[in-house]
Amino acid sequence: MVDLGSVNAPVPATDAEMLAVAAAEARLGLAEGGIPIGAALFGADGTLLGRGHNRRVQDDDASMHAETNAFRNAGRQRTYAGTTMVTTLSPCWYCSGLIRQFGITRVLIGEDVTFSGGHDWLRENGVDVTILRDPDLIAMMQTFIAEQPQLWNEDIGVDEP
Ligand SMILES: [Zn+2]
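Per chain, residues are indexed from 1 in the order of the written sequence. Selection of residues for local features in this predicted model requires a pLDDT of at least 70, selection of side-chain atom pairs for listing and counting requires 80 or more, and totals for whole chains, interfaces and linings are taken over all residues. Only hydrogens and water are set aside; all other atoms, that is, all heavy atoms of the structure, feed into the side-chain values.

A. A look at the pattern of salt bridges. Should a side-chain nitrogen of Lys or Arg be within 4 Å of a carboxyl oxygen of Asp or Glu, the pair is scored as a salt bridge. As enumerated under the stated definition, the model contains 9 salt bridges in all. Where Arg55 meets Asp59, a salt bridge forms, and the shortest distance between an N and an O atom there is 2.9 Å. A salt bridge links Arg123 to Asp120; its shortest N-O distance comes to 3.8 Å. Here Asp120 and Arg123 lie together in helix H5 (residues 119-124), a separation of 3 residues that amounts to about one turn. Where helices and strands are cited, they refer to DSSP runs of H or I of at least four residues and of E of at least two residues respectively, numbered from the N terminus.

B. Expanded view of the packing of helix H1 (residues 15-31) against helix H6 (residues 135-147). To get an axis, fit a line to the C-alpha atoms, keeping to the stretch in contact for a helix; angles then go from 0 to 180 degrees between the N-to-C directions. H6 packs onto H1 with a crossing angle of 20° between their chain directions and a minimal axis gap of 12 Å. With respect to H6, the axis of H1 lies roughly parallel. Taken as a pair, H1 and H6 cross one another with a handedness that is left-handed. Of the residues in H6, those in contact with Leu19, Ala23, Ala26, Arg27 and Leu30 of H1 are Leu137, Met140 and Phe144. Each angle gets one of four labels, with under 35 degrees taken as roughly parallel, over 145 as roughly antiparallel, 65 to 115 as roughly perpendicular, and the rest as oblique. Left-handed describes a crossing whose near helix is turned anticlockwise from the far helix by less than a right angle; the clockwise case is right-handed. Contact criterion: two residues are considered in contact whenever any of their non-hydrogen atoms come within 4.5 Å of each other.

C. Structural context of the pairing of strand S2 (residues 48-53). Strand pairing is defined by DSSP finding a minimum of two bridges between the two strands. In this structure, strand S1 (residues 38-42) lies alongside S2, joined through 5 bridges in antiparallel fashion. Its bridge partner lying in S2, Phe42 is registered against Leu48. In textbook terms, the turn of a hairpin is the stretch between consecutive antiparallel strands, and for S1 and S2 this stretch comprises 5 residues, one of which, Gly46, has a positive phi near 90°.

D. How the structure looks around helix H7 (residues 149-156). Relative accessibility decides the category of a residue: with a 1.4 Å probe and only protein chains considered, values under 20% of the type maximum give buried, values over 50% give exposed, and everything between is partly exposed. Along H7, the positions that sit buried rather than exposed are Leu151, Trp152, Asn153 and Asp155. Each element contacted by the buried residues of H7 is listed here: helix H2 (56-59), strand S3 (84-89) and H6. The positive-phi residue at the C-terminal boundary of H7 is Gly157, with phi of around 80°.

E. Structural detail: the sheet that holds S1. Strand order across the open sheet formed by 5 strands is S2-S1-S3-S4-S5, with mixed pairing between neighbours. Both outer strands of the open sheet, S2 and strand S5 (128-131), are each paired with one neighbouring strand and no more. For this sheet, the mean angle separating the axes of adjacent strands, direction not counted, is 15°. When strand S4 (residues 106-111) meets S5, the two strands line up parallel, connected through 4 bridges. Counted as the bridge partner of Leu108 is Thr130 from S5. Against the sheet, H6 engages S3 and S4, with an angle of about 65° to S4.

As structure tokens, then:
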């Protein structure tokens, strides 16, 4: 096991290393029986400020998205300038709103194939957006959607009969 969470962990240097933290959170959520979306907030110097995953099922809370969970776990920051929100999946409108509201500078997205949220809107509004299209993350979401279509539709707000 790689320790990605301790305060004294080495500062991630690359996008792949930052995404690995969010991906580990997504897998943790999946193992808990939840929706496999993970996120992490990094400071301007690369320090991990907070990490989290979608907890809709675990907390019975529709508002506990991965980005929101990571943001809350980061605690109160004096400024969000220079921070990077890393998320395994393109952020929904709610989380895109959070990113804009608090002036998060950069968003690093694992994939936008299974779901495309507000990243174009963020880009149009000056947020630095990078999309990696990680094949492992795409495969994980596709498997989850095939196995749990009702839970997935609930999470993205699609009403299914
Ligand atoms: Zn969201």
